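Observations on chain architecture
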Amino acid sequence: VSFEQLWAETLPIGLSDVVPGYHRLFGSRADWELREWFVDTAQRRGFSVEEDRVGNQWAWLGDPDDAASRNRPSLVLGSHLDSVPAGGAFDGALGVVSAFAAVDELRDAGQAPVGALGIVAFVEEEGSRFGITCAGSRVLTGSLDADHALGLRDIDGITLAESLTTLGRNPKTFGPDPDALRRIGTYIELHIEQGRALDPAGRSIAVGSAIRPYGRWRLTIDGQANHAGTTQLEDRDDPMLKLAQVITTARQAAAARGCVATIGKLDIEPNAINAIPSRVTAWLDARGPQSHLVKELAAEVGDLTGVLALEESFTHRERFDADLASTLSTLLDGAPILETGAGHDAGSLAAAGIRTAMLFVRNPTGVSHSPTESIEHADCIEGVHGLAKVIAALDS
Ligand SMILES: [Zn+2]
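Throughout, a residue's number is its position along its own chain's written sequence, starting from 1. Per-residue local features are limited, in this predicted model, to residues with pLDDT of at least 70; the limit for side-chain atom pairs, both in listing and counting, is 80 or more; totals at the level of whole chains, interfaces and linings are taken over all residues. No hydrogens and no water enter the side-chain calculation; it runs on all heavy atoms of the structure.

**Things to note about the coordination of the zinc ion**
The condition is simple: For Na, K and Ca the donor cut-off is 3.2 Å; for every other metal, N, O and S atoms count as donors within 2.8 Å. Water does not enter the count, which can leave sites looking incomplete. Strands are runs of DSSP state E lasting at least two residues, helices are runs of H or I lasting at least four, and both sets are numbered from the N terminus onward. Note on classification: 1.4 Å probe, protein chains only; a residue is buried when its accessible area is under 20% of the maximum for its type, exposed when over 50%, partly exposed between these limits.
At this site the zinc ion is bound by H80 (NE2), D91 (OD) and H191 (NE2), with donor distances of 2.0 to 2.1 Å. On the primary sequence, the residues serving as donors to the zinc ion are separated as H-x10-D-x99-H. Residue H80 is found in strand β3 (residues 74–80), and its partner D91 is found in the loop between β3 and α4 (93–108); the two are separated by eleven residues along the sequence. For the pair formed by H80 and D91, the shared burial category is buried.

**Remarks on the sheet that holds strand β7 (residues 214–222)**
Formally: DSSP-based pairing: two strands are paired if at least 2 bridges between them are found. Helix axes are fitted only over the stretch in contact, all axes being lines through C-alpha atoms; the angle between N-to-C directions runs from 0 to 180 degrees. What makes two residues a contact is simply this: any of their non-hydrogen atoms within 4.5 Å.
The four strands are arranged β9-β11-β7-β12 in an open sheet whose pairing can be described as antiparallel. Both outer strands of the open sheet, β9 (260–269) and β12 (309–315), are each paired with one neighbouring strand and no more. Taken pair by pair, the neighbouring strands of this sheet meet at an average axis angle of 15°, ignoring direction. Pairing of β7 with β12 involves six bridges; the strand directions are antiparallel. If you follow W217 over to β12, its bridge partner there is E311. Relative to β9, helix α10 (residues 239–255) is tilted by about 165°, and along the sheet it contacts β7, β9 and β11 (279–287).

**Regarding the packing of α4 against helix α14 (residues 377–394)**
For any two helices packed against each other, the geometry comes down to the angle between their axes and how far apart the axes lie. Our working definition: Any angle from 65 to 115 degrees is called roughly perpendicular, while one under 35 is roughly parallel, one over 145 is roughly antiparallel, and all others are oblique. Left-handed describes a crossing in which the near helix is turned anticlockwise from the far one by less than a right angle; the clockwise case is right-handed. Each residue receives one of three labels: charged for Asp, Glu, Lys and Arg, nonpolar for Ala, Val, Leu, Ile, Met, Phe, Trp, Tyr, Cys and Pro, and polar for the others, Gly being one of them.
The N-to-C vectors of α4 and α14 enclose an angle of 60°; their axes lie 8 Å apart at closest approach. Compared by their axis directions, α4 and α14 come out oblique. The two elements α4 and α14 cross, and the hand of that crossing is right-handed. Here α4 contributes L94, S98, A99, A101, A102, V103, E105 and L106 to the contact with α14, which in turn contributes C380, V384, H385, L387, A388, I391 and A392. Looking at the contact of α4 with α14 residue by residue, the class counts come to twelve nonpolar, two polar and one charged.

**Topic: the layout of surface pockets**
This is how the line gets drawn: Whether a set of points on the 1 Å grid over the protein atoms alone is a cavity depends on a 1.4 Å probe fitting there but being unable to get out, while an open set qualifies as a pocket with protein on both sides within 12 Å along at least five of seven lines; lining residues are those with an atom within 4 Å of a point. Grid points are joined across faces, edges and corners, and a volume is the space filled by probe spheres set on the points.
Quantified by volume, the second largest pocket comes out at close to 220 Å³. Together, 18 residues line the second largest pocket, and R138, S143, L144, F314 and T315 are the ones closest to its centre. Residue assignment for the lining of the second largest pocket shows that the elements contributing at least two residues are α5 (135–141), β12 and α13 (345–351). Of the residues forming the lining of the second largest pocket, the biggest block, four residues, is contributed by β12. Class assignment of the residues belonging to the lining of the second largest pocket gives a composition of seven nonpolar, eight polar and three charged.

**As for the nonpolar core**
The cut-off we apply is this: Take the buried residues of types Ala, Val, Leu, Ile, Met, Phe, Trp, Tyr and Cys, join any two whose side-chain atoms come within 4.5 Å, and each joined set is a nonpolar core.
Grouped together as the largest cluster of nonpolar side chains are 51 residues, with contacts concentrated most on F38, L94, F100, I188 and L359. With ten residues, the top contributor of residues to this core is α4. For F38, the residues in contact, after removing those within four places along its chain, are V49, Q57, W58, A59, L81, V96, F100, I119, V120 and A121. If you look at the next biggest cluster of nonpolar residues, it comprises 38 residues, including C134, A149, A180 and L349.

**Topic: helix α12 (residues 322–331)**
Note on helix geometry: an α-helix contains 3.6 residues per turn, so any two residues three or four positions apart are oriented the same way. Note the following rule: Think of it as the arc spanned by the lines of direction from the helix axis to the C-beta atoms. We call two N or O atoms a polar contact when they sit within 3.5 Å, provided that within protein one can donate a hydrogen and the other can accept it, with sequence-adjacent residues counted only if both atoms are side-chain atoms.
Along α12, the residues classified as buried are L324, A325, L328 and S329. Along the long axis of α12, the arc covered by the buried residues comes to 135°, so they all point the same way. For α12, the exposed residues set more than 90 degrees away from the buried face come down to A322, D323 and T330. Looking at the buried positions of α12, the neighbouring elements they touch are β5 (184–192), β6 (205–211), β14 (337–340), β15 (355–361) and α14. The distance from a side-chain oxygen at the start of α12 to the backbone nitrogen of D323 is 3.2 Å, and the residue carrying that oxygen is D321. The positive-phi residue at the C-terminal boundary of α12 is D333, with phi of around 55°.

**Notes on unusual backbone geometry**
Of the consecutive residues E269 and P270, the connecting peptide bond is found in the cis state with omega at 0°. Mapped onto the elements of the fold, P270 is located in the loop between β9 and β10 (275–276). The phi dihedral of C134 falls on the positive side, at around 55°, and the residue is not glycine. Examined against the element boundaries, C134 turns out to sit in the loop between β4 (117–122) and α5.

**Things to note about the pairing of strand β1 (residues 48–51)**
The pairing of β1 with strand β2 (residues 57–61) spans four bridges and is antiparallel. Residue pairing in the sheet places E50 in a bridge with W58 of β2. The antiparallel hairpin formed by β1 and β2 contains five residues in its connecting segment, where G55 sits at a positive phi of about 110°.

**Quick notes on the pattern of salt bridges**
The condition is simple: Note on definitions: salt bridges are taken to be side-chain nitrogens of Lys or Arg within 4 Å of carboxyl oxygens of Asp or Glu.
The final tally for this structure, using the stated rule, is 22 salt bridges. E312 is paired through a salt bridge with R218; the nearest N and O atoms lie 2.8 Å apart. In this pair, E312 is assigned in strand β12 and R218 in strand β7, connecting sequence segments 94 residues apart. Taking the relative accessible area as the measure of exposure, E312 reaches 24% and is therefore partly exposed. Salt-bridge contacts for D379 lead to R362; the nearest nitrogen and oxygen are separated by 2.8 Å.

See below:
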């Protein structure tokens, strides 16, 4: 009952009546409503709530500092509440809602958590506003430089520092937070499956073993703005032609290496129907089985098209704790153990040496980062049961 209620509370937030899907971008009204929902939901259950130096939200039962000082740092569950533009309801929110629902389930069964227990919601996980994925967890651990992050600009030219000020936060205290990290003994993130491995296997839950290497590059192509009606074809310097070459080259370079490559975001100047653009900026997202293959792919796009591919972020394979993964698999009736091609805050924490695992809940179509992403209700409930089992087994 608790899951249904919590889910129903988050479901309307960030839904647009103008365009399809969920719009829960960092600092937006929807993002702020979800943050308020987090505070409310936590406090109603007796959690204390605080923000770290980045703005990630933490709900705590018990005293995590006391537990850490006794060398028993706590179990933390969570995920993120932001979305890509026109995203689905599940990516992110499911992990946070399920964590609260799992605590409710245990309490209803008379098994309140014994040790300190945390639930976290990381900010700007999708990087949809400032361009760097998992920015909240990466600044927290120090793998993304705080000053660099503060200078990042959104599509309107607003810096992250300016947006923090607007949101009533102080950019001067923004940065890594070792005190927040010290409290985490184990981090477990439940997430909608992205891809489609569980449905054919007839399983509702998988355990994540690693995140495949991935990177983002920015490509700027200059041309000459001119009139779409009066400029002869031979007189044009049209950056869109070069863009077409970049897109097909990226596809071929990815296919040749067993990787994937996507150009899904463009900034076109002046972006008018009747004008040849003066400049096009494209973002390349590439991922694959090995770091060197992904980097070669991006370099080849640059070499073959003559357009410089500027690396904005790169993340090597991040392995979750293998012993913990096998413990969770056993606990969840032999749940399959899978790698994923999607980035997660769990990866940032694993890279910082924290014992980390992920649980994936079956996505029957595999569609994600889309309004049509979905999960069967029964599988959502399986996910909550799974987390409750995990808390009961790992909570000290
Ligand atoms: Zn996500």
